[in-house]
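Here are the chains, one letter per residue:
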Amino acid sequence: MKTASPVALITGSTSGIGAAIARRLASDGFSVVLHSRSSVEIGQALARELGSAIYVQADLTDDADRVRLIREAVAAWGRLDVLVNNAGISRVIPHADLAAATPTVWSDLHEVNVVAPFRLIAEAETALRDAAQRGRPGSVINISSHAGVRPKGASIPYAATKAALNHMTRLLALSLAPDIRVNAVAPGLVDTPLTADWTQAQEVWKTRAPMRRSASPEDIAQAVAMLVASDYLTGEILLSDGGLNLT
Ligand SMILES: NC(=O)c1ccc[n+]([C@@H]2O[C@H](COP(=O)([O-])OP(=O)(O)OC[C@H]3O[C@@H](n4cnc5c(N)ncnc54)[C@H](OP(=O)(O)O)[C@@H]3O)[C@@H](O)[C@H]2O)c1
C-alpha cells in the first residue's frame, strides 16, 4: 500500500495523550500507525475510526518487538515521516523513600522511557532521512515530562528517565540534523488514565498553576502538532505545564 500523505507512528496511542496525538495528526492529514502493548482491540477500533490508519501491537521492553514495530510501520505505506515516542510508564514513590526505589523500578522505567525511544529512533533513522529527500526533514517528538526539567514528579526514577529523554533529544537533534529534527514536549499534569487518582497533583494545578487547570490530552496534541509543523525547530524541549514552573 502506498500513500501520498505523510505517515506518523505514535507509540502508546490507544490511551490518553497518545490517542489524542493520533487523532490530531490524522485530522492534520497524516496516515497514522497506532501502537500499544496489550490494548489490541482498542487500537484496532481506533484505526477503523480514523480511516487512513493501521494498528501494530509491540511490547517496547522487547528489542525484537521494537525492530518489528518500525519494520511494520514503514512497510504499511512505504514511508515514515514522523515518529512520536509517547509510550511511557511511571511509578509513584515518595522522593524521601529511597528504599522503595529499587533497582528493578530503575531498570523497568529506564527500558521503556529511555532505551525504547532511542532504539525506535535508531531503527527508523533511514526511513526518517528519506523524508528529507522528499522535501521536508523527518521529525521525532519525544514525550518527556516537566519532571525531567524541574526536581519534581511521581518518583525520582521516573523524573530521572524523563531528564535523560530530554538530554537525548538535544544530543540526537545535533547528530541527526539537518535530515531529521528531534524535539520533545514536556507536559505537566495531563488528565489521562495514568493520573486519574493523582488528587494531590490535581489540586496543585487547580490552585497554583497560572492557567488554573491540568492539561487535556488535546492540549498536548496541539503542542506536538505545532512542533511537527515547524520545519526550523530542533532540539527544543517544549514545557507544557500551564505555567506552573513560573510559580
Ligand atoms: N498523564 C500525565 O500527566 C503525563 C505527564 C507528563 C508526561 N506524561 C507522559 O506522557 C506519555 C503518555 O502518558 P499517558 O498518561 O497518556 O499514559 P497512559 O494513558 O497510561 O497510556 C500509555 C500508553 O503507552 C503504552 N505502553 C505502556 N508501556 C508499554 C510497553 N512496554 N510497550 C508498549 N506500549 C506500552 C500503553 O499501552 P497498553 O495500554 O496496551 O499497555 C498505552 O497505550 C508517557 O510517556 C508519560 O510519561 C504523562
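Since the structure is predicted, the reported quantities are computational estimates derived from the model, not experimental observations.

A.B. asks: Which parts of the structure should I look at to understand the overall build of the protein chain?
C.D. replies: Assigned secondary structure in the protein chain consists of seven helices and seven strands. Reading the protein chain from its N terminus to its C terminus gives the helix and strand order β-α-β-α-β-α-β-α-β-α-β-α-α-β. Against the globule reference of 18 Å for 247 residues, the protein chain gives a C-alpha radius of gyration of 17 Å, in line with a compact fold. In terms of its C-alpha atoms, the protein chain occupies a principal-axis envelope of roughly 50 × 40 × 35 Å.

A.B. asks: Can you walk me through the sheet that holds strand β5 (residues 138-143) in this structure?
C.D. replies: As a general point, the strands of a sheet are linked pairwise by backbone hydrogen bonds and lie either parallel or antiparallel. Strand order in this open sheet of seven strands is β3-β2-β1-β4-β5-β6-β7, and the pairing throughout is parallel. The two strands at the open ends of the sheet, each matched to only one other strand, are β3 (53-57) and β7 (237-240). In this sheet, adjacent strand axes meet at a mean angle of 15° when their direction is disregarded. Direction of pairing for strand β1 (residues 7-10) relative to strand β4 (residues 82-85): parallel, over a ladder of three bridges. The residue of β4 that forms the bridge with isoleucine 10 is valine 84. Docked against the sheet, helix α3 (residues 63-77) engages β1, β2 (31-36) and β3, running at close to 165° with respect to β3. Seen against the sheet, helix α7 (residues 217-229) touches β4, β5, β6 (180-187) and β7 and runs at an angle of roughly 160° to β6.

Reading the values: rules and limits
- Residues numbered from 1 in each chain as written.
- Predicted model: local features only at pLDDT ≥ 70, side-chain atom pairs only at ≥ 80, totals over all residues.
- Heavy atoms only, no water.
- Helix = DSSP H or I, 4+ residues; strand = E, 2+ residues; numbered from the N terminus.
- Rg over C-alpha atoms; globule rule 2.2 N^0.38 Å.
- Pairing = 2+ DSSP bridges.
- Axes fitted to C-alpha atoms, helices over the stretch in contact; angles between N-to-C directions.
- Contact = heavy atoms within 4.5 Å.

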